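# Examining the three-dimensional arrangement
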Amino acid sequence: PLFRETRNTAHNASRMERSLPLLLPLLLSLLSVKADQGLEQLAQAYDAALMGMHTDGTITGYLAKDDIYDNMDVYDCTNDYEYPESPISGGALEKVLNRGYVILGSRGNYSSASSGTYTRPPKGASPDIDREAFRRVGVHYGRQLDVVYNLSFSATDDVLRSLLSGIIDGTTCNYAQGALYGGLQRRAVVFRPSCSTLGDTVHMCVTASSGVADVAALNALIAATNRKGQAVLGAVGTSTFQTLQQIFQDAVVITYQTDMLAIAALKAEGSTLLGVAASRLASDYDPSVVWFSVGHVENLVSFFRREPRTENKVANSSAEPYWRTGNTLLAQVYNAAQVWLASLGTKSDIYAAYNMTVVDVGDCLGKESAYSVPETPIGTLQHVLSSGKLTIGVVIGESYPLKVILPGSADPTGALTDLERSVATWIYRQYSSVKPVIATYIKYNSSAELLAALDAGEVDVTSNNAFVGGQYDGEARRNKFQASCSSVSTQLSLYVQKSLSVTTLPGFVEYLMAHSAENVTVGALGTGNVQIAQSLLGVNVSVVLCENSTELFQSLLRVPRRVGIVPDYVPTVPPEFGELVEIPLGVTISTCAFFRRDAYDACGDGELDPSCGEECDIKGNGCTATCHCDTYFKPNGTRACVAACGDGVVDTNFGEECDSSHGCNDKCVCKDGYHSTGRHCSKSSMVATHLTPLTCYRRWVPL
């Protein structure tokens, strides 16, 4: 079930798959020992390679080669990701480089037109990305780095459990970030997701005879079928299964291993399936079926083990300021609110009020019942409930219709602030005997200023129009902070004046190359859009930051040599800005809210932290539950304690009277009838005093 990518150097051929003996999985699992450090470095190196592939068009080339239909790139990272300077000694990245291969896990015999086939050998877009990304990691560090596939798993959760136990180094790159692990926990919380590899647009396939052509018609068919029996839909893969559960809540959803099996089941004579969610190729044409998008994109990633953040480690988290704990609980109830509000139709009603048509990036899948509300609030969540205020930090700027935040005392307005106020109300209703929770706002001049305020405890959460892919203090925002479920996802577009006679992105890039000597510029709203536009347009143009939508559109008319702009979502261009041409960039942007990561107790994480007052940090071996050495044990500078008794040194601080085999017991205490003479114990002797004369006899008293 394992395959290693090898090169036929004798013939200078491309890679070939070589099957390894069936007993080798056990050997590899022993070699792939769970590293205590360097886990984040391995993920960072992969992200750096991946973003290089996005920037130079490698991934786009794979999609074209594999004939993938309607794949939408989800931009959750920027092109400034860097490789770690030097791998930590003994860490996960160094072990992989020294070993010469990385072990990736996937379900065996899984096949999807949109991502690839993990059979023998794996092929398609996702395996191509797997191999090329780790090849680039190896090249960066001057090594050859191959891929070994462990395809022995029959279920996705089995793959993820093996990742936690260290049997594999990571998953293949076709795992939906938003699905649930164990049916209850978001994968992105338990594991460390990579940057997005692909954006898999979810399509339904129905029979042409059904007359169904969109989501509304399918829901009507489900309702009609349920009046007679039970409506059944099919899905390929765990994440798509959870997506359909969320969208079509009145239907039973069953799963299939491959697209081919699902579509064959739909077309079979006497089939009770109303439709299947599967992937299609661009060249697919079958008049007996109809395909339509459900308006949902699954963000596909690789998963790695998550490394604890050492800067959040403290001696006693209960003694920390309130805002250093309970943030994960606040994020949990915030996400539950968003999922429930979506199921109730509140989110779609808000977007409709602002004439918004949005695509949903699935980073919180499954039924709303899977998103529980914490029973015992602490820290930040408890403060929100007791104060009746959810304090939200916002950046001043205009990004209509998503959000308008003006300087001064005026309250923010827009679709996303309406959603935030609905979230605050929903949170209040989940708890009894508390004040109504109201969303209150503190304004900041920049994203960096806002995130610094969040980090310092000035606000409970950022506004939910934060770009998940940005950087903060040289680190990816989504690693430093916790990201909420996606609040809104929009497709990014470039706007140019009609006089340019340009209607496509390649055409605009050619225009830039032809006019590069003229110092032409493109404007973009927000730092995230600047980084994305620069990555897509290349070095032939300077992309200039604008913080205000009105100013951005006006710049296209007023700024010399401004040839294009990249705003946030705009349903309709205001007529005062003239007749503009919209060029879709093929990129979906997700916005989220950011929360702090909680402080946690150093004791129990398996690492010795003297700065937190620890003498040890391991179960047993003389180490107590408070990470101090027990009686008769002493620290020795490692995670474990050593027995004080037996080292030949009398440690009176540990209750020792001796430390040898001469009259000394196994607790280093002198045996009965012995007394301490240093390291040894000597036999005690009775000293009798004969008193004379006899007249003193009566002075003796019985003992």
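Residues numbered from 1 in each chain as written. Predicted model: local features only at pLDDT ≥ 70, side-chain atom pairs only at ≥ 80, totals over all residues. Heavy atoms only, no water.

### Points about the overall build of the chain
The test is simple: Secondary structure elements are defined from DSSP: runs of H or I of at least 4 residues count as helices, runs of E of at least 2 residues count as strands, and each element is numbered from the N terminus. A 1.4 Å probe rolled over the protein chains alone gives each residue an accessible area, and that area as a share of the maximum for its type sets the label: buried under 20%, exposed over 50%, partly exposed in between. What makes two residues a contact is simply this: any of their non-hydrogen atoms within 4.5 Å. Accessible surface area values rest on a Shrake-Rupley calculation with a 1.4 Å probe, where residue burial reflects the displayed protein chains alone.
Of the regular secondary structure elements, the chain holds 19 helices and 40 strands. Counting over 703 residues, the chain shows a buried share of 52%. Sequence separation of 24 or more characterises 70% of the internal contacts of the chain that already satisfy a separation of 6 or more. Accessible surface, the chain as shown: approximately 31,300 Å² in total, 53% of it carbon and sulfur.

### Re the state of the cysteines
Short version of the rule: Defined by distance alone, a disulfide is two cysteine sulfur atoms within 2.5 Å.
Applying the stated criterion across every chain, the model contains eight disulfides. Sulfur-sulfur distance for the disulfide between Cys616 and Cys623 comes to 2.1 Å. Looking along the S-S bond of the Cys616-Cys623 disulfide, the torsion reads about 90 degrees, which is the right-handed sense. Its relative accessible area of 12% is what places Cys623 among the buried residues. Of all cysteine sulfurs in the structure, the one in Cys627 sits closest to Cys612, which takes part in no disulfide; the separation is 9.8 Å. Accessibility expressed as a relative area gives 17% for Cys612, which makes it buried.

### A look at the pattern of salt bridges
Short version of the rule: What counts as a salt bridge is simple: a side-chain nitrogen of Lys or Arg found within 4 Å of a carboxyl oxygen of Asp or Glu.
Applying the stated criterion across every chain, the model contains 20 salt bridges. A salt bridge links Arg136 to Glu132; the shortest N-O distance between them is 2.8 Å. Here the residue Arg136 and the residue Glu132 both occupy positions in helix H5 (residues 125–140), the gap between them amounting to four residues, near one helical turn. This pair shows no difference in class: Arg136 is buried, exactly as Glu132 is. The salt bridge involving Glu420 is made with Lys403; its shortest N-O contact spans 3.2 Å. Of this pair, Glu420 sits in helix H14 (residues 415–429) while Lys403 is found in strand E23 (residues 403–405), placing the two residues 17 residues apart along the sequence. The network of salt bridges with shared partners includes Glu40, Asp47, Arg192 and Arg478.

### Considering the pairing of strand E21 (residues 389–395)
Here is the key point about a regular strand: its side chains alternate between the two faces of the sheet. In plain terms, the rule: Strands are treated as partners if at least two bridges between them are detected by DSSP.
Of all seven residues in E21, six are buried; the element is thus mostly enclosed. Across seven bridges, E21 lies against strand E24 (residues 438–444) in parallel orientation. Residue pairing across strands places Leu390 opposite Ala439, the latter belonging to E24.

### Remarks on helix H6 (residues 156–165)
When we look at burial in H6, the residues that qualify are Thr156, Asp157, Val159, Leu160, Ser162 and Leu163. Count one or two residues on from H6 and you reach Gly166, which has phi positive near 90 degrees.

### What about the packing of aromatic side chains?
We apply this condition: Between 30 and 60 degrees the pair is tilted, below 30 it is stacked and above 60 it is edge-to-face, where a pair is any two Phe, Tyr or Trp rings, Trp via its six-membered ring, whose centres lie within 6.5 Å.
Scanning the entire structure with this criterion turns up twelve aromatic pairs. When the centroid spacing of 5.0 Å and the interplanar angle of 40 degrees are considered together, the rings of Tyr46 and Phe134 count as tilted. One end of the pair, Tyr46, is in helix H2 (residues 39–55); the other, Phe134, is in helix H5, with 88 residues separating them in the sequence. Classification of Phe134 by relative accessible area gives buried; the value is 2%. On the basis of an interplanar angle of 50 degrees and a centroid distance of 6.1 Å, the ring pair of Phe481 and Phe594 is categorised as tilted. Here the residue Phe481 occupies a position in the loop between helix H16 (477–480) and strand E29 (482–483), and Phe594 occupies one in strand E35 (residues 594–595), the gap between them amounting to 113 residues.

### Quick word on the confidence of the model for the chain
Which entries qualify depends on this criterion: Each residue carries a pLDDT score, the predictor's confidence in it, ranging from 0 to 100.
For the chain, mean pLDDT is 84; residues scoring 70 or higher make up 90% of the total. For the chain, strand E2 (residues 15–19) is the element with the lowest average pLDDT, namely 33, and strand E25 (residues 461–462) is the one with the highest, namely 97. Predicted confidence is poor over residues 1–35, with pLDDT under 50, and the contacts of this stretch with residues over four places away or in other chains come to 78 contacts.

### Details of the pairing of strand E17 (residues 289–301)
Judged by how many residues are buried, E17 sits mostly within the fold: ten of 13 residues are covered. Where strand E13 (residues 198–207) lies against E17, nine bridges are found, and the strand directions are antiparallel. Each residue of the ladder has a partner; that of His203, found in E17, is Ser293. Bridge count between E17 and strand E20 (residues 360–362): three bridges; the pairing is parallel. Directly across from Glu298, in E20, lies its bridge partner Gly362.

### Considerations on the nonpolar core
Nonpolar side chains tend to gather and get buried jointly when the protein is soluble and globular. Which entries qualify depends on this criterion: For the purposes of this section, nonpolar cores are sets of buried Ala, Val, Leu, Ile, Met, Phe, Trp, Tyr and Cys residues that join through side-chain atoms within 4.5 Å.
Of all hydrophobic cores here, the largest spans 64 residues; its most connected members are Ile129, Phe134 and Phe508. The greatest single-element share of this core, amounting to nine residues, is contributed by H2. Contact partners of Ile129, with chain neighbours within four places excluded, come to Tyr46, Leu50, Met53, Ile59, Tyr62, Cys173, Thr197 and Leu198. Formed by 40 residues, the second largest nonpolar core is a distinct cluster that contains Ile350, Ile392, Val488 and Ala593.

### Remarks on the sheet that holds E25
Sheet architecture is open: three strands sit in the order E24-E21-E25, paired in parallel fashion. Two strands in the sheet have a free side with no partner beyond their single neighbour: E24 and E25.

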